[in-house]
Amino acid sequence: MTDTPQQSVTATAGIEPGEPSTDVAPAREAAAPARSLTSDAWRQLRRKPAFWFSVVLIALFVAMAAFPGLFTSIDPRQVFDVRQEPSAEHWFGTDGQGYDIYSRTIHGARASILVGILTTVATTLIGGAVGILAAYFGGWLDTIVSRITDVFFAIPVLLGGILFMSAFPSDQSTPYLSVVLKVVAALTILGWPSLARLMRGSVLQVLPNDYIQAARALGASPWRIITKHVLPNSLAPILVVSTINLGVFIVAEATLSFLGIGLVPPAVSWGVAINEGLTFLRTFPHIPLFPSLFLSLGVLAFIMLGDAARDAFDPKSR
Amino acid sequence: MTTTTQPRGRRDAQATASDYRPGPDGLLLEVDDLHVEFHTEDGVARAINGVNFDLHAGETLAILGESGSGKSVTAQAIMGILDMPPAKIPRGAIRYCGQDLLTMPDEQRRKTRGPEISMIFQDALSSLNPVFPVGWQIAEMFRKHRGMNKSDATAQAVRLMERVQIPAAKQRVRAFPHQFSGGMRQRIMIAMAIALDPAVLIADEPTTALDVTVQAQIMALLAELQEERQMGLILITHDLGVVADVADRIAVMYCGRIMERADVLELYRRPAHPYTLGLLESIPRLDQKGQELSAIGGLPPNLLRLPSGCEFHPRCRFVQDVCRRDRPELTAVVGAAPGRESACHFSEEVHRG
Amino acid sequence: MGKYVIRRLLQMIPVVLGTTFIIYAMVFALPGDPTAGKCGDRGCPPAVVAEIREQYNLDDPVPVAYVKYLGKLATGDLGENTYGIPVTQDLAQRYAITGKLALMAIAIEAVIGILAGVLAAIRKGSFLDSLILVSTLVVISVPVFVIGVLAQFYFGVRLGWFPVTVTSRNPSMYQLLMPAIVLASLSMAYVTRLTRTNLAENLRADYVRTAKAKGLTQRRAIGLHALRNSMIPVVTFMGYDFGALLGGAIVTERIFNIQGIGGYIFQSINHRDGFAVVGAVTALVIVYLIVNLVVDLLYGVLDPRISHD
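Residues numbered from 1 in each chain as written. Chains lettered and ligands numbered in written order. Predicted model: local features only at pLDDT ≥ 70, side-chain atom pairs only at ≥ 80, totals over all residues. Heavy atoms only, no water.

Brief notes about the overall build of chain B
Okay, so step 1: Scanning chain B for helices and strands turns up 14 helices and 12 strands.
Okay, so step 2: Its C-alpha radius of gyration of 21 Å places chain B within 12% of the 20 Å reference for a compact globule of 353 residues.
Okay, so step 3: Principal-axis analysis of the C-alpha atoms places the extent of chain B at approximately 65 × 50 × 45 Å.
Okay, so step 4: Among the 353 residues that make up chain B, the fraction classed as buried is 57%.
Okay, so step 5: Across chain B, contacts joining residues at least 24 apart in sequence account for 66% of those joining residues at least 6 apart.
Okay, so step 6: In the structure as shown, chain B presents an accessible area of about 14700 Å², 48% of it carried by carbon and sulfur atoms. (Helix = DSSP H or I, 4+ residues; strand = E, 2+ residues; numbered from the N terminus. Rg over C-alpha atoms; globule rule 2.2 N^0.38 Å. Buried < 20%, exposed > 50% of the residue type's maximum accessible area, 1.4 Å probe, protein only. Contact = heavy atoms within 4.5 Å. Areas by Shrake-Rupley, 256 points an atom, 1.4 Å probe, with all protein chains shown as cover.)

Structural data, given as structure tokens:
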């Protein structure tokens with residue numbers, strides 16, 4: 001500050017001379033207790049019915065996938081009279097081959113949940129790791145990663161999935177698990193780059209912070225800085241998007257099965273059931289209805305959970 | 001365009017352009033017992049609690065206050081651009097040329113914004129639309145209020161840009177806000193605000209976001225335009241230095257009330273309210289080098305829970321019991337020049353020094 | 001602007017190269033027999049295998065084979081299907097149908113999505129807003145093929161408002177209307193949400209306050225000043241989402257039996273005709289790349305802050 005008699009001074013500067021005036025209502029800001037973002041987000045989440053609704057749904061579907069026996073004692077491959085309407089004996093009726101639709105729908109959860117969870121874990125780990133490394137080390141590594149993600153970005157997920165699955169076709173003799181893993185591989189190859197890009201962005205926002213600079217100055221190793229300081233502060237966005245993606249991957253799996261390029265009969269899955277049930281749309285609409293309903297509810301649960309988490313972590317949206 | 005230096009010359013030159021006539025002594029604007037409150041989740045924040053002032057043609061009134069003192073809310077209430085809800089005006093009147101803006105039909109009031117009352121905002125970068133060329137944004141005033149066609153309106157925009165001293169105005173009329181420097185952007189805001197030759201111009205912290213040297217240029221430009229068009233200028237600021245150069249009268253606001261009102265030189269010479277005194281003492285001065293700078297202790301109160309009695313009492317060094325009990329009204333200061341008013345039980349004593 | 005277009009075109013070259021390489025690698029270069037399953041369930045006779053290896057240069061080193069494949073792509077050669085008919089010939093007549101369907105879907109998605117988003121944003125917190133938000137959530141959760149099947153059943157079979165299937169080689173707008181709405185539904189929901197979020201945020205922007213202070217009507221302040229800014233991310237999204245639309249077209253055309261590229265891909269999958277699938281999908285990916293370039297250029301026009309130099 002230069003000393004002139006007509007010095008410009010802000011009215012707020014009365015408190016602390018020399019400090020540039022900031023446009024905050026000081027009393028209210030100072031009164032609010034300091035809370036961490038995570039605990040604040042959790043507080044937000046707990047109050048939301050949508051959050052609990054989706055958590056309960058997800059728990060149900062995961063239980064269905066892991067222990068279908070808890071929900072039904074009917075073997076999904078047992079044959080009854082074909083095309084029965086829903087009844088006390090067959091809650092959802094029977095399908096074109098005479099299978100019990102309720103049992104098939106319960107057992108069909110496994111493929112969707114398996115693909116959803118495995119793909120989400122794989123894309124999050126790969127995308128997250130690549131994103132952190134690219135952002136933290138920068139330079140040529142960052143350039144290469146950015147170009148690679150650009151390239152993968154140019155391939156729409158479903159189109160890429162169709163390409164991959166038709167390049168590695170399955171038939172009735174292919175084991176269930178290997179088809180599931182093939183779908184997971186296809187979706188992972190196409191899904192990780194968007195998460196890497198997201199992670200890179202959020203790490204780049206965290207890096208300039210003083211606490212990172214301080215840790216560097218104190219000689220902490222990159223591993224320690226990343227795990228102790230960078231990761232906890234940049235994880236929220238990727239977790240939110242991964243949750244939503246889980247729903248998206250479930251849709252992608254079902255769509256591939258629906259197109260006859262993912263799981264194929266005799267495998268039991270929602271996509272396969274909907275594909276087969278379509279034939280009876282005009283005459284027995286209950287056959288495609290129930291697997292469609294379960295599939296939609298499963299996707300809804302993950303998307304709602306992701307939405308709720310996003311709102312909780314993003315103060316701007318409140 | 002005709003410009004004249006006589007008072008109210010603007011109205012004579014464009015007699016047909018306006019339905020509004022100022023009062024006999026050039027009275028343009030009367031703000032009468034204005035109250036504004038914000039209804040929030042946490043309760044009702046009383047942002048303005050009975051503000052009175054008037055404004056005449058050719059006069060500059062400075063409203064001085066800290067952030068949260070209600071000065072910007074006052075300006076936005078006059079402009080009619082408060083978001084209601086959450087804002088609410090439970091009491092008061094804002095009369096422009098004798099007509100109450102608050103009870104006027106919305107459509108009629110909208111048409112006063114621009115041709116009659118106009119406003120300049122603090123941050124020109126965010127206040128100008130980033131996706132439209134600056135010339136287009138100025139020309140919009142002529143097209144929408146005067147029904148001018150595009151090319152005539154653009155020609156007017158260029159003329160205005162030249163008037164506010166933007167170099168190469170003709171070439172830059174199609175440029176976008178982000179392509180200008182901060183000072184140039186504020187000039188564009190000014191050009192837009194004066195486009196329709198308003199009678200009242202409100203400048204809300206027009207120089208806060210700018211460098212000190214540019215601040216002086218912008219203030220000089222504003223003063224020049226005001227002189228030329230005989231506008232009534234309301235200058236909202238927290239900067240005592242800006243006020244001294246250009247204002248005729250000052251109203252000091254605190255907690256949504258006017259604490260003191262005076263001619264500018266009077267107020268600087270002998271403040272009659274402890275808050276004003278504190279503000280003036282917190283200006284560093286060359287002749288007191290080496291001494292500790294005095295400051296007003298404490299923070300402004302929470303608008304949700306205003307203190308009893310005088311709003312300033314928790315921070316006042318002259319505080320007495322009466323201050324905690326009774327809220328002092330804004331009244332004439334005994335023994336001071338006419339027109340001096342202060343809302344303090346001890347204004348006489350403070351004024352005497 | 002000219003320089004900007006050229007720079008964007010240059011930047012696209014590595015992306016196109018990379019993308020086609022990934023496609024090539026996935027189909028022909030990864031471990032595994034590229035001829036497996038290509039000739040139906042029984043496997044290919046040796047002569048066919050030899051022909052395939054020759055056609056895709058599988059006996060050359062990978063980079064050489066890739067360059068040769070690229071050369072073919074550049075001349076519009078997408079290979080032949082199992083019947084020896086060039087894939088491009090199959091596709092030509094189907095492009096028009098899928099193009100019409102996609103354009104209709106984009107128009108529906110833009111008009112309805114933006115309109116609903118604007119309504120929700122200016123009435124934020126109202127019943128209408130909640131209704132719109134819940135509807136979008138439902139549409140996002142229910143997969144396109146389920147929506148398609150349901151629409152086909154209720155509006156086609158039950159109510160008879162629309163044809164149940166569209167087998168014509170030259171379908172009318174009316175025939176394609178229901179499939180187009182189905183195809184547009186998912187993107188429409190996202191466009192609605194994006195418009196709502198952005199507009200709601202921009203309504204609080206300083207320049208909207210300025211627009212009001214300029215004495216502009218509410219309609220102009222919101223409909224022009226705020227909306228124009230809110231459209232920038234929406235257009236970007238629609239470009240990015242065009243890929244999902246193409247994927248959705250495969251599903252939609254399969255449900256409604258439409259004779260477009262999607263229907264062709266589906267039939268080829270059913271016939272285990274790998275070359276036809278790869279060729280047609282590659283063509284779609286290239287269309288997607290071009291659309292993205294156009295959107296990128298449009299983005300520069302929409303948002304002047306993006307540098308054109």
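Next, the rest of the story.
Concerning the confidence of the model for chain C
Residues and elements named next belong to chain C.
Okay, so step 1: Mean pLDDT over chain C stands at 79; residues scoring 70 or higher make up 83%.
Okay, so step 2: The element-level mean pLDDT for chain C is lowest in helix α2 (residues 46-55), coming to 68, with helix α8 (residues 206-213) highest at 89.
Okay, so step 3: Under the prediction, the complex receives an ipTM of 0.82, its pTM being 0.79. (pLDDT = per-residue confidence, 0-100.)

A few points about the domain arrangement of chain B
Residue and element names in this part refer to chain B.
Okay, so step 1: According to the domain assignment, chain B contains domain 1 (27-254) and domain 2 (267-284 + 293-352).
Okay, so step 2: The C-alpha centroid of domain 2 is placed 29 Å from the C-alpha centroid of domain 1.
Okay, so step 3: Listed as interface residues are 19 residues of domain 1 and, on the opposing side, 17 residues of domain 2.
Okay, so step 4: Between domain 1 and domain 2 the total buried area reaches about 1400 Å² when both faces are included, carbon and sulfur atoms providing 68% of it.
Okay, so step 5: Scanning the region where domain 1 abuts domain 2 turns up 1 salt bridge.
Okay, so step 6: A salt bridge links Glu-66 to Arg-315; the shortest N-O distance between them is 3.4 Å.
Okay, so step 7: Top contributing element to the side of domain 1 that touches domain 2 by residue count: strand β2 (residues 43-56), with 6 residues.
Okay, so step 8: Here the side of domain 1 that touches domain 2 is composed, by residue class, of 11 nonpolar, 5 polar and 3 charged. (Domains from an automatic or database assignment. Buried area = accessible area lost by both parts, 1.4 Å probe. Salt bridge = Lys/Arg side-chain N within 4 Å of Asp/Glu carboxyl O. Nonpolar A, V, L, I, M, F, W, Y, C, P; charged D, E, K, R; others polar.)

Considering the packing of helix α5 (residues 134-146) of chain B against helix α6 (residues 150-163) of chain B
Any two packed helices are characterised by how steeply their axes cross, that is the angle between the axes, and by the distance between the axes.
Residue and element names in this part refer to chain B.
Okay, so step 1: Contact pair α5 / α6: the axes reach a minimum separation of 8 Å and the direction vectors enclose 115 degrees. In this structure, α5 crosses over α6, and the sense of that crossing is right-handed. Contacts between α5 and α6 involve Val-134, Gly-135, Ile-138, Ala-139, Phe-142 and Arg-143 from the first element and Lys-150, Ala-153, Thr-154, Gln-156, Ala-157, Leu-160 and Met-161 from the second.
Okay, so step 2: Residues belonging to the contact of α5 with α6 are distributed by class as follows: 8 nonpolar, 3 polar and 2 charged. (Axes fitted to C-alpha atoms, helices over the stretch in contact; angles between N-to-C directions. Left-handed = near helix turned anticlockwise from the far one by under 90°.)

Looking at the side chain of Ser-112 of chain A
Residue and element names in this part refer to chain A.
Okay, so step 1: Here Ser-112 is to be found in helix α4 (residues 101-137).
Okay, so step 2: Overall, Ser-112 belongs to the buried group, its relative accessible area being 0%.
Okay, so step 3: In this structure, Ser-112 is in contact with Ile-250, Glu-253 and Trp-270, ignoring residues within four places of it in sequence.

Looking at the interface of chain C and chain A
Okay, so step 1: In this assembly, 48 residues from chain C lie in contact with 40 residues from chain A.
Okay, so step 2: Approximately 4000 Å² of surface area, both sides summed, lies buried where chain C meets chain A, with 78% of it carried by carbon and sulfur atoms.
Okay, so step 3: Counting every contact that joins chain C to chain A gives 1 salt bridge.
Okay, so step 4: For the side of chain C that touches chain A, the class distribution of residues is 35 nonpolar, 8 polar and 5 charged.

Comments concerning the interface of chain C and chain B
Okay, so step 1: Taken residue by residue, the interface counts 19 residues in chain C and 25 residues in chain B.
Okay, so step 2: Roughly 2100 Å² of surface becomes buried between chain C and chain B when both sides are summed, with 59% attributable to carbon and sulfur atoms.
Okay, so step 3: Here Arg-220 of chain C ties to Glu-140 of chain B by a salt bridge, and the two come within 2.6 Å at their closest N and O atoms.
Okay, so step 4: For the pair chain C and chain B, the interface holds 12 residue pairs in polar contact (both at pLDDT 80 or more).
Okay, so step 5: Of all the secondary structure elements, the ones that give two or more residues to the side of chain C that touches chain B are α8 and α9 (218-255) of chain C. (Polar contact = N/O pair within 3.5 Å; in protein donor to acceptor, adjacent residues only side chain to side chain.)

A look at the pattern of salt bridges
Residue and element names in this part refer to chain B.
Okay, so step 1: Under the counting rule described, the total for this entry stands at 29 salt bridges over all chains.
Okay, so step 2: Salt-bridge contacts for Arg-110 lead to Glu-107; the nearest nitrogen and oxygen are separated by 2.5 Å. One end of the pair is Arg-110 and the other is Glu-107, both in helix α3 (residues 106-110) and 3 residues apart, which spans about a single turn.
Okay, so step 3: Assessed through its relative accessible area of 42%, Glu-107 is described here as partly exposed.

Quick word on the sheet that holds strand β1 (residues 27-40) of chain B
Residues and elements named next belong to chain B.
Okay, so step 1: Taken together, the 4 strands give an open sheet; going across it, the order is β2-β1-β4-β5, and neighbouring strands pair in antiparallel fashion. In the strand order of this sheet, the two ends are held by β2 and β5 (99-100), each with one partner.
Okay, so step 2: For β1 and β2, the ladder comprises 11 bridges, and the chain directions are antiparallel. By the bridge assignment, Val-31 is partnered in β2 with Phe-53.
Okay, so step 3: Across the sheet, helix α2 (residues 71-79) is in contact with β1, β2 and β4 (87-96); its angle to β1 comes to roughly 110 degrees. (Pairing = 2+ DSSP bridges.)

Re the environment of Pro-68 of chain A
Residues and elements named next belong to chain A.
Okay, so step 1: The residue Pro-68 is located in the loop between α3 (49-66) and α4 in this model.
Okay, so step 2: For Pro-68, a relative accessible area of 10% translates into the label buried.
Okay, so step 3: Separated by 141 residues in the primary sequence, Pro-68 and Asn-209 have C-alpha atoms spaced 49 Å apart.
Okay, so step 4: Leaving out residues up to four positions away in the same chain, Pro-68 has contacts with Ala-63, Ile-106, His-107 and Arg-110.

Here we look at the packing of α9 of chain C against helix α10 (residues 261-270) of chain C
Residue and element names in this part refer to chain C.
Okay, so step 1: The geometry of α9 relative to α10 is characterised by a closest axis approach of 7 Å and an angle of 80 degrees between their N-to-C directions. Taken together, the axes of α9 and α10 are roughly perpendicular relative to one another. In this structure, α9 uses Ala-249, Ile-250, Glu-253 and Arg-254 to contact α10, whose residues at the interface are Ile-261, Gly-262, Gly-263, Ile-265 and Phe-266.
Okay, so step 2: Taken together, the residues of the contact of α9 with α10 break down into 5 nonpolar, 2 polar and 2 charged. (Parallel < 35°, antiparallel > 145°, perpendicular 65-115°, else oblique.)

Some points on the pairing of strand β6 (residues 117-120) of chain B
All names here are of chain B.
Okay, so step 1: The alternating pattern of β6 places Ile-117 and Met-119 on one face and Ser-118 and Ile-120 on the opposite face, and all of these are buried.
Okay, so step 2: Pairing of β6 with strand β7 (residues 200-204) involves 4 bridges; the strand directions are parallel. If you follow Ile-117 over to β7, its bridge partner there is Val-200.

With respect to a nonpolar patch on the surface
Okay, so step 1: On the surface, Leu-289 of chain A together with Leu-150, Tyr-154, Phe-155, Leu-159 and Trp-161 of chain C cluster together to form a nonpolar patch covering roughly 560 Å² of accessible area.
Okay, so step 2: No other element matches helix α6 (residues 144-158) of chain C, which puts 3 residues into the nonpolar patch.
Okay, so step 3: By secondary structure assignment, the location of Tyr-154 of chain C is in helix α6. (Patch = residues over 30% accessible without salt bridge, like charges linked within 9 Å, V, L, I, M, F, W, Y side chains within 5 Å.)

Describing the sheet that holds strand β3 (residues 60-64) of chain B
Residue and element names in this part refer to chain B.
Okay, so step 1: The sheet built from 8 strands is open, its strands ordered β6-β7-β8-β3-β9-β10-β12-β11 with mixed pairing. The open sheet has two free edges, formed respectively by β6 and β11 (331-332), since each of these has just one partner strand.
Okay, so step 2: Relative to strand β10 (residues 257-263), strand β9 (residues 249-254) is paired through 6 bridges, and the arrangement is antiparallel. The partner of Arg-249 across the bridge, within β10, is Asp-263.

Some points on the packing of aromatic side chains
Okay, so step 1: In the structure shown here, the tally under the stated rule is 14 aromatic pairs over all chains.
Okay, so step 2: When the centroid spacing of 5.2 Å and the interplanar angle of 90 degrees are considered together, the rings of Tyr-254 of chain B and Phe-312 of chain B count as edge-to-face. Of this pair, Tyr-254 of chain B sits in strand β9 while Phe-312 of chain B sits in the loop between α12 (274-281) and α13 (321-325), and the two are 58 residues apart along the sequence.
Okay, so step 3: Ring plane angle 25 degrees and centroid distance 5.5 Å describe the contact between Phe-155 of chain C and Trp-161 of chain C, whose orientation is recorded as stacked.
Okay, so step 4: Assessed through its relative accessible area of 33%, Phe-155 of chain C is described here as partly exposed.
Okay, so step 5: Here a set of aromatic residues connected by ring pairs shows up, and it is made of Phe-61, Trp-270 and Phe-294 of chain A.
Okay, so step 6: Across from the ring centre of Phe-180 of chain B, 4.1 Å away, lies the NZ or CZ of Arg-172 of chain B, which sits over that ring.
Okay, so step 7: One cation-aromatic arrangement involves Arg-254 of chain C over Phe-258 of chain A; the distance from NZ or CZ to the ring centre is 4.9 Å. (Phe/Tyr/Trp six-rings, centres within 6.5 Å; stacked < 30°, edge-to-face > 60°. Lys NZ or Arg CZ within 6 Å of the ring centre and 35° of its normal.)

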